Amino acid sequence: MLRWTPLGGGPSVRMEGVTHRYGRTPSLKGVDLEIESGEFTYLVGPSASGKTTLLKLLHGEERPTAGRIWLDGELIGRRRRSTRRRVSVVFQEYRLLERRTALENIMFALRVRDLSLRRSEVAGRALTALADCGLAMRASAYPSQLSGGQRQRLAIARALAAQPLLLLADEPTASLDVDNARRVTALLRKIAARGTTVIVATHDRDLVAARPNRVIRLSEGEVVPADEPQERWASG
Amino acid sequence: MGVRLRRTLVLLAAITANVVELIVLDAVRSWIRHRSAHAPAVGSVAMALFVLGASAVGTVALQTVAREEAAQATLLHVYLRDGDTADQLADLEGTLLRRPDVVSVVYVSKADALREALARPGMADLIDQTEGNPLPAAYDVRLKSLAAVESLARELSSDPRLAPDQPTSYDAATYSTLQRLMQIVAITTLVVISGLALIAAGVTGGAVRAAAVARADEVQTMRLVGATDWMVRGPFVLEGAVTGVVGGALGAVVLIAACRFLQEEAGVGLGDVLPGLGVVVLALLAAALLPVGACMGSLSAAVALRGKHW
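Structure report, in brief.

Cut-offs and rules
Residues numbered from 1 in each chain as written. Chains lettered and ligands numbered in written order. Predicted model: local features only at pLDDT ≥ 70, side-chain atom pairs only at ≥ 80, totals over all residues. Helix = DSSP H or I, 4+ residues; strand = E, 2+ residues; numbered from the N terminus. Buried ≥ 20, exposed ≤ 12 C-beta atoms within 10 Å, placed from the backbone. Contact = placed C-beta atoms within 7 Å. Pairing = 2+ DSSP bridges. Axes fitted to C-alpha atoms, helices over the stretch in contact; angles between N-to-C directions. Nonpolar A, V, L, I, M, F, W, Y, C, P; charged D, E, K, R; others polar. Core = buried A, V, L, I, M, F, W, Y, C linked by C-beta atoms within 7 Å.

### What about the overall build of chain B?
Argument step 1. The number of helices and strands found in chain B is eleven helices and three strands.
Argument step 2. Along chain B, from the amino end to the carboxyl end, the secondary structure elements read α-α-β-α-β-α-α-β-α-α-α-α-α-α.
Argument step 3. For chain B, the residues scored as buried account for 28% of the 310 residues in total.
Argument step 4. Contacts spanning at least 24 positions in sequence make up 85% of the contacts within chain B whose residues lie at least 6 apart.

Following this line, the structure appears as structure tokens:
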């Protein structure tokens, strides 16, 4: 496996000249970027700017048409399954299994990821993740019995329990009210503070502006340099 | 070494437990949840497997009869002309015994032939109507195969030492009719079973595919949280297997009931109604329908899901 050893530190993600096309339509054009371990980063841009594609590439759901991606110093190649095991995703629409309780949702995801985990270990990690996300008392509740904010926190707990190197969140607050959006964001920051790299794709300008964070702006598949005006990404 | 072995065993136990929980139990639970959707497939499989079981029962009975017939058919009666001398008979017996396809040669005198004939129902009246002993002396020649019977009968057809009207007991028409009949039965059974198996496979595959479509969101979520392709497909293939097993069990019950009905109607033992078929053989045949159903169901499901992407 080809390894890239960064100088003086440990970038979690490195993209080098990454291009991606859906058929003939380019979705990303020569993207170069680096994200440090434990960094909390917003990925912003209008619709169809390439945010979701970038997340899919990092999750291993899509392959770059050109360019290379390193995750924790390891080139993402054909072994996309091993990539998925190190990356967790939180979706706008939660993606929870309705027939399983909150605890079972997390346990199921953990066991599916790694069949060699013992039940006791799975249960321990699931309960810890629920407690970390403030849902310890709702372990036996089904997703339909939870509020929108709780459902999203459950989705984060599921992602967190897998102990990922990289946590990707695609519009995690889009379906939430302001209070719940703040709680979810605070939770994601807490996860980043513990050392997990967190990338949040969002349209929410208020959320981004609320606290100083690194912001990567995408427009028409390209990374917008930091010194360009914000209007270019926020127009959509 | 002991520690490594223990670790390996613990790892294997964990993997087994997870596979059973995530794939096997999930499939069974899902099947029970969607049992009404699987009902037509169960019915089709049961019907196909009942016909398969009935054909197997029929085959066992036919084979038993055929074996008995074949044993009888490899015995060729070589009828002797009245008035053959002892030298002629010794010469003929020597010729027969030298053939490599002959197993044994037994001389049956006219008196022995009459005694055997009188023992058969209805023959005594026929013999009484004739003067003296009308039956010829014979050599009962046991041959290794049916083909040898035909070959020897042809060779002896013009032998002057044999009865001129009917030198041997060989009847070509009867043999060919029997063989043709058995071929027709075998081909018809094969066609019917194949047709029913195809219908059952189609219905089972359709039910599994419908279940997969109904659970598309759930499956997509499984994929996104890291489930591999076989973990996603496994429960559906097992659902097909469960359909096959349930259908097989149903087919087996109907098969046993049908055999019992036949037996009670005939008022005799099972082996008398269906030669060669005892209780143990019937139980084994019925039990075999379950694994056959499982294979049929899982294969149908696997084929139905081939090329499906979530």
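### Comments concerning the overall build of chain A
Argument step 1. The helix and strand tally for chain A stands at eight helices and ten strands.
Argument step 2. Taking the contacts inside chain A whose residues are at least 6 apart along the sequence as the reference set, 71% of them involve residues at least 24 apart.

### With respect to the pairing of strand β2 (residues 102-108) of chain B
All names here are of chain B.
Argument step 1. β2 sits mainly on the outside: zero of its seven residues count as buried.
Argument step 2. Two elements, β2 and strand β3 (residues 138-143), share six bridges in a ladder whose sense is antiparallel. Each bridged residue has a counterpart across the sheet, and for V108 the counterpart in β3 is A138.

### Quick look at the sheet that holds strand β4 (residues 66-71) of chain A
Residue and element names in this part refer to chain A.
Argument step 1. Reading across from one edge, β2-β1-β4-β5 is the order of the four strands in this open sheet, with antiparallel pairing throughout. With partners counted over all chains shown, the strands left at the sheet margins are β2 (25-36) and β5 (74-75), one partner each.
Argument step 2. Pairing of strand β1 (residues 11-22) with β4 involves five bridges; the strand directions are antiparallel. Bridge pairing in β4 links R14 to W70.

### Structural notes on the sheet that holds strand β3 (residues 40-44) of chain A
Residue and element names in this part refer to chain A.
Argument step 1. Strand order across the open sheet formed by six strands is β6-β7-β8-β3-β9-β10, with mixed pairing between neighbours. A strand with exactly one partner marks an edge of an open sheet, and here the two such strands are β6 (87-91) and β10 (222-224). Neighbour to neighbour, the strand axes of the sheet diverge by 25 degrees on average, direction disregarded.
Argument step 2. Relative to β10, strand β9 (residues 214-219) runs antiparallel, the two being bridged by three bridges. Pairing of S219 across the sheet is with E222, part of β10.
Argument step 3. Sitting on the sheet, helix α1 (residues 51-59) touches β3, β6, β7 (166-170), β8 (197-202) and β9, and the angle it makes with β7 is about 150 degrees.

### Quick notes on the environment of S157(B)
Argument step 1. Mapping S157(B) onto the fold places it in the loop between α6 (146-156) and α7 (172-214).
Argument step 2. S157(B) sits ten residues away from P167(B) along the chain, and the two C-alpha atoms are 6.0 Å apart.

### Examining the pairing of β9(A)
Residue and element names in this part refer to chain A.
Argument step 1. Bridge count for β3 against β9 is four bridges, and the pairing is parallel. By the bridge assignment, Y42 is partnered in β9 with V215.
Argument step 2. Between the end of β9 and the start of β10, which pair antiparallel, lie two residues, with E220 showing a positive phi angle near 50 degrees.

### Concerning the interface of chain A and chain B
Argument step 1. Across the boundary between the two partners, chain A contributes 16 residues, which contact 16 residues of chain B.
Argument step 2. Elements that contribute at least two residues to the side of chain A that touches chain B include exactly α2 (80-86) and α3 (102-113) of chain A.
Argument step 3. Per-element tally for the side of chain A that touches chain B: the top contributor is α3(A), with four residues.
Argument step 4. Of the residues belonging to the side of chain A that touches chain B, the class tally is six nonpolar, one polar and nine charged.

### Digging into the nonpolar core
Argument step 1. Among the nonpolar cores identified, the biggest contains 73 residues, and I106(A), I156(A), A157(A) and L188(A) are the most heavily contacted of them.
Argument step 2. For this core, the element with the highest residue contribution is α3(A), accounting for eight residues.
Argument step 3. The residues touching A157(A), leaving out its near neighbours within four places in the chain, are I106(A), A129(A), L130(A), D132(A), C133(A) and L135(A).
Argument step 4. Listed in part, the 41 residues of the second largest apolar core include A211(B), L238(B), L289(B) and V292(B).

Taken by themselves, the reported measurements are silent on function.
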